[in-house]
Amino acid sequence: MRLHNLSVTAFGPFADRQQVDFDALADGGLFLFHGPTGAGKTSILDAVCFALYGQVPGARAQAGALHSDHAAPGVGPQVTLELTVRGRRLLISRSPQWQRPKRRGTGTTTEQARVLVQERDGESWRAVSTRLDEAGQLLGRLIGLSMAQFCQVVLLPQGQFAEFLRADADRRRDLLASLFDTGRFAAVEAWLVDRRRDATRALAEHDERIQHVLARVAEAVDLPGMPEEDAAPGGDGVTAAPDAEGVRRATCWVSALTATARVDMPSTVSAERTAAARRDSARISLGQAERLAAAQARVVALRAREADLNAAAPAALAVVTELDGARRAAPVAPLVAVTARLEEALATAIGQAETCTFALRPALPDLFDLSRPDRLGPDPLPAERLPTLVRHVGDVRAEISRLGHLAADESEASQLTDVISGLEREVVALDAQTRDLNRWFDTAQRARERLEQRVQAARTAFVALPGAVGARESAERRLASARRRDELDRVLPDLQDQLRQQVDAAQQAKERWLDLRARRLGGMAAELAAGLVDGDGCPVCGSDLHPAPAAARDDAVSQDAEAAAQAAVEAADRLRGDAERAALAADAERRSEVAALGAELSTESAIAARAAAQAKHAALLVSAGGLPAAEAQLADYFTEADRRAESRLKLASDAERLRERTASSHRRLSELATRLGAARGDDPTIQARAVRLTRLADDGESLVGALTEAGRLRAELETAVTQAEQAAVTGGLPGLDGVRGLVRDESRIDELDALRSRRQSEAATVDEMLGDPELVDAGTAEPADVAAHRRELADAEAEHEAALGARDRARGRLRALARLDAALDELVAQRLPLAQAHRLVDHLSRLAEGKSADNRLRMSLSAYVLAARLEQVAVAASARLTRMSSGRYTLVHTAEAGRGRGRGGLHLRVLDAWTGAERDPATLSGGESFAASLALALGLADVVTAEAGGSLLETLFVDEGFGGLDEDTLDEVMGVLDELREGGRVVGIVSHVADLRARIPAQLRVVKGRAGSVVLQ
């Protein structure tokens, strides 16, 4: 995999579009990243990782905000990376999720992450994927490394590898596990753990069944558990998990309990039989006492009933008297009932006639006497008028019959009115729909032509879009170079003027310092004389006497003044150096921009070219983006046109049919209206007239029937009264009113007869029972003591129940012990293979986990595989470390176990060829640790790439760590990196070391500022 070009916009610290040409940097095979802290050197590497994987490494991924705070709010973040992987030239453009301002209103809205992967196809780019998941799968398959592996073997974070070099086995294992796929070996460990867990659970469940059987045995014999001397060693009765010895003792204990139960069984059977005999004797005695007590109670009850019958004798005599009167009046009772029935029927008929008269009076005033409207009297209608009423009712019935034939016509007329209204509404609606369709077809032709033109334009734009993208990017690059060139043209004269000014200022400061220094040297004698004291030695000649000390001159210069002048010289030199470096950097950058710009091109021409390219690209992008919608709209147009044409034909046919139906309905309605108007009369409808006449005829017929029935009932009532009076006289009874007081219905007569018979029968029965010899003897005997006999029986039954319970418990205990003894034998036989399987899988699982005593290194299976990979890494790293340390150091993998409970197999030692001893990596110095870490990182990169089956990694980045190297070690390290370059790789070094700037001519400088960072190449 080789990187060619990277551009970032509004990403991290970069506000404007910044571009890195890796091809230009890779000409020498080695290039340097440098710049002040926080400028954004690591952000360049983050951008490479984001383009490939859609994420940034480390803690920056958790922050989530990739949009540059320096960029304008509406400028979206974007990273574009051009690379070659497995022979395929790809162009990847990614934008992370970010918050952009809403196009309407205030606030922000979420812009989702996007990706576009293109592949070089001849001279143009061909889109390969625009989906995040699809692009991730494609790039992961081509690169062959996960993001964690890529960050370790391509970005080479030196600080992490120094930590990895000195880490313990567990921390080193975490990093190796993230780089090497040991999933299948971890799966084997997990599978063995699952099997061990299953075997443990199966054995435990089986032991629980054994414990359950032992608990049921203890429950059967009413014991808390096995005795201590029979329990498993270390156990607590039946609650202890049995081992082999515990199972054997439990089996013996159950067998002994079963034998004891068999011996105790006969004695419980004999005791139950003796108690049963005593219970039966007590039951016989209780029965005899209960029969005597019952007979004595019957005697007392019969004597009390005899007294009650004697007291109720007057009431019995009244019943006999009422029964005799009812039987004498029985022959006349039917005639009395007939008179009552006829009187009631006559009253009903008269009431019905009065009701009908009230209803007919308003409609037939000529038939009734209206002189007394307040009451009708016994004859509401004179008899001579009854035939007239009958004829009138017949005429009404005949007219009702004629109206019945016209009711269907009236219903039809009503329905026709509703139908005509509905048909007319439907015709109006169909005409409106037809007009709408005609208007649509009038404008449809122009719409179709516009859609066809849009489709053709979109297809043309889609074909031209890749070329427009390349032209726009080329114009943007040329404009950026032109602007930077112009800016440097403006800045460079000022920088050169500043340099000249700083050179003059430095020269002047140096001349002043030299002048002051010469003047101070000239007055040094006076300066020394100022400090002489008589008695103290002279610092020049050593004499204690100072007869003629030199006097200070008026222009004497002090030591502080000279020091201030010297400091001014140093400050001026620093400013001159800064101005010189700034001028040189600006001049070099201008030459670079001019070289990148190629032929002379003015900024105005570049702006115009970029605007034209952007306008063309935007227009083509909009037009091409509308192709699917335009094609869909054109297809929808043709579908809609066909549908509307069919609808227009159907609407015309339906409208013609509805007009014909409307005309026919109008003709039929006119005929019905003429016929119904003559028959309706003053009534609103035929139906209303028929209802009124029907009610009138019904009332007339009811009145005729009621009057006829009333006349007949009067005659029958007079005859019935005469017959009843004669029958009462003949039977020696009082008049009709007296007979009515004696008459009883059949049920009452039967009831009185039953009362009399029951009284006589009960009296006879009481006399007969009181004469029974058994009751006579019971009446003379002593009262029976039933309670004492019941207590005796209760004691006997309780004794028998206890004996029976003891027998049943003994029998159940024996059956339960026999069944549990057999079940325990079966469970014990089944436990042996389960215990053997558990021992085997437990040993294998703990061996694979590194927890077995047989695993001396305490290494798990996956750690063993990682140890093999670490050994390969140590071999690959030693080849470079030996070169960096001039043959002194070699990395050695050791499988020794760690201290205490530490795991083995993942330890590294450093072999010192000067002493022949192996050392802990922690004893290396800072520079030596860096060299070892770099060698380890490069070796790990080689092994991971080979293990993952990824593409050849032609571009590597080494992040910091060179500051702690001496000059010789730095030479050796650079020699190793040169070897990588000779192998076809491109190595980028991220460092602040100033010496590397002189060693590495190809440089990428990141400059930070308030408006964001800028990349200078």
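Residues numbered from 1 in each chain as written. Predicted model: local features only at pLDDT ≥ 70, side-chain atom pairs only at ≥ 80, totals over all residues. Heavy atoms only, no water.

1. Quick word on the overall build of the chain
Argument step 1. On a plain count of helices and strands, the chain comes out with 25 helices and 16 strands.
Argument step 2. Counting all 1017 residues of the chain, 38% fall into the buried class.
Argument step 3. Counting only contacts in the chain whose residues sit at least 6 apart along the sequence, the fraction spanning at least 24 positions is 74%.
Argument step 4. A total accessible area of about 55800 Å² is found for the chain, and carbon and sulfur atoms account for 53% of it. (Helix = DSSP H or I, 4+ residues; strand = E, 2+ residues; numbered from the N terminus. Buried < 20%, exposed > 50% of the residue type's maximum accessible area, 1.4 Å probe, protein only. Contact = heavy atoms within 4.5 Å. Areas by Shrake-Rupley, 256 points an atom, 1.4 Å probe, with all protein chains shown as cover.)

2. Side note on the pairing of strand β9 (residues 124-129)
It is a general feature of regular strands that their side chains alternate between the two faces of the sheet.
Argument step 1. Here strand β8 (residues 114-121) pairs with β9 via 5 bridges, running antiparallel. When the bridges of β9 are listed, Val117 appears paired with Ser129.
Argument step 2. In sequence, β8 turns back onto β9 through a hairpin of 2 residues, with Gly122 there showing a positive phi of about 75 degrees. (Pairing = 2+ DSSP bridges.)

3. Observations concerning the pattern of salt bridges
Argument step 1. Going through the model one piece at a time under the given rule, you end up with 24 salt bridges.
Argument step 2. A salt bridge links Arg283 to Glu797, with the shortest nitrogen-to-oxygen separation between them at 3.6 Å. Here Arg283 is found in helix α9 (residues 244-311), whereas its partner Glu797 is found in helix α21 (residues 786-849), with 514 residues between them in sequence.
Argument step 3. Residue classification places Arg283 among the partly exposed residues on the basis of a relative accessible area of 42%.
Argument step 4. Exposure remark for Glu797: the relative accessible area of 29% places this residue in the partly exposed category.
Argument step 5. Where Asp431 meets Arg659, a salt bridge forms, and the shortest distance between an N and an O atom there is 3.0 Å. Of this pair, Asp431 sits in helix α12 (residues 386-522) while Arg659 sits in helix α16 (residues 627-680), and the two are 228 residues apart along the sequence.
Argument step 6. Here the salt bridges share partners, and the residues they tie into one network are Arg88, Glu119, Asp121 and Arg126. (Salt bridge = Lys/Arg side-chain N within 4 Å of Asp/Glu carboxyl O.)

4. Points about the packing of aromatic side chains
Argument step 1. Scanning all chains against the criterion turns up 3 aromatic pairs.
Argument step 2. Between Phe22 and Phe31, the ring centres sit 6.2 Å apart and the planes meet at 55 degrees, which makes this aromatic pair tilted. Like Phe31, Phe22 is buried.
Argument step 3. When the centroid spacing of 5.5 Å and the interplanar angle of 45 degrees are considered together, the rings of Phe31 and Phe33 count as tilted. By the burial criterion, Phe31 is buried, and Phe33 matches it. (Phe/Tyr/Trp six-rings, centres within 6.5 Å; stacked < 30°, edge-to-face > 60°.)

5. Some details on the pairing of strand β4 (residues 78-85)
Argument step 1. With 6 of 8 residues buried, β4 lies mostly within the body of the structure.
Argument step 2. Of the strand pairs in this sheet, strand β1 (residues 2-9) and β4 are connected by 7 bridges, and their pairing is antiparallel. Opposite Leu6, over in β4, you have Leu81 as the bridge partner.
Argument step 3. Pairing between β4 and strand β5 (residues 88-95): 7 bridges, direction antiparallel. Bridge pairing in β5 links Thr84 to Arg89.
Argument step 4. With antiparallel pairing between neighbouring strands as the criterion, β4 and β5 make up a hairpin whose turn holds 2 residues, including Arg86 at a positive phi of roughly 55 degrees.

6. Examining the sheet that holds strand β11 (residues 907-912)
Argument step 1. Taken together, 3 strands build an open sheet; the order of strands is β10-β11-β12 and the sheet is antiparallel. Lying at the two open borders of the sheet, with one neighbouring strand each, are β10 (889-894) and β12 (917-919). On average, each strand axis in the sheet is inclined to that of its neighbour by 40 degrees, with strand direction left out of account.
Argument step 2. Where β10 and β11 come together, 6 bridges link them in antiparallel fashion. Among the inter-strand pairings, Val892 is bridged to a residue of β11, identified as Arg909. (Axes fitted to C-alpha atoms, helices over the stretch in contact; angles between N-to-C directions.)

7. With respect to the confidence of the model for the chain
Argument step 1. Residues of the chain with pLDDT of at least 70 account for 77%, and the chain-wide mean is 76.
Argument step 2. Here helix α6 (residues 158-166) is the element of the chain with the lowest mean pLDDT, 58, and β5 is the one with the highest, 92.
Argument step 3. In this model, residues 232-241 is a region of pLDDT below 50 whose contacts with residues beyond four sequence positions or in other chains number 18 contacts.
Argument step 4. Confidence drops under a pLDDT of 50 for residues 370-379, and excluding neighbours within four residues, the segment shows 11 contacts in the predicted structure. (pLDDT = per-residue confidence, 0-100.)

8. A closer look at the sheet that holds strand β2 (residues 18-21)
Argument step 1. The strand order β2-β1-β4-β5-β8-β9 describes an open sheet built from 6 strands, whose pairing is antiparallel. Both edges of this open sheet fall to β2 and β9, since each of them pairs with a single strand only. Strand-to-strand twist across the sheet, computed as the mean angle between neighbouring axes with direction ignored, equals 20 degrees.
Argument step 2. Most of the contacts of helix α4 (residues 132-143) go to β5, to which it runs at about 140 degrees, and overall it touches β4, β5, β8 and β9.

9. Concerning the side chain of Arg94
Argument step 1. Note that Arg94 resides in strand β5.
Argument step 2. Within the buried core, Arg94 has no salt-bridge partner, and the shortest N-O distance to an opposite charge, that of Asp133, equals 9.5 Å.
Argument step 3. A polar atom in the side chain of Arg94 sits 3.2 Å from the backbone oxygen of Phe50.
Argument step 4. In this structure Arg94 touches Phe50, Ala51, Leu52, Tyr53, Gly54, Pro77, Gln78, Val79, Arg114, Val115, Leu132 and Leu139, once residues within four positions along its chain are discounted. (Lys, Arg positive; Asp, Glu negative; His and termini not counted. Polar contact = N/O pair within 3.5 Å; in protein donor to acceptor, adjacent residues only side chain to side chain.)

10. Focus on a negative patch on the surface
Argument step 1. A contiguous patch of negative charge on the surface is contributed by Glu768, Asp772, Glu774 and Asp777.
Argument step 2. By secondary structure assignment, the location of Asp777 is in helix α20 (residues 773-780).
Argument step 3. Assessed through its relative accessible area of 52%, Asp777 is described here as exposed. (Patch = residues over 30% accessible without salt bridge, like charges linked within 9 Å, V, L, I, M, F, W, Y side chains within 5 Å. Charge placed at Lys NZ, Arg CZ, Asp CG, Glu CD.)

11. Side note on a positive patch on the surface
Argument step 1. Among the surface-exposed residues, Arg216, Arg811, Arg815 and Arg819 lie close enough to one another that they form a single positively charged patch.
Argument step 2. Sorting elements by how many residues they give to the positive patch places α21 first, with 3 residues.
Argument step 3. Turning to its location among the elements, Arg811 is positioned in helix α21.
Argument step 4. A residue is classified by how much of its surface remains accessible, and Arg811, at 32% relative accessible area, is partly exposed.

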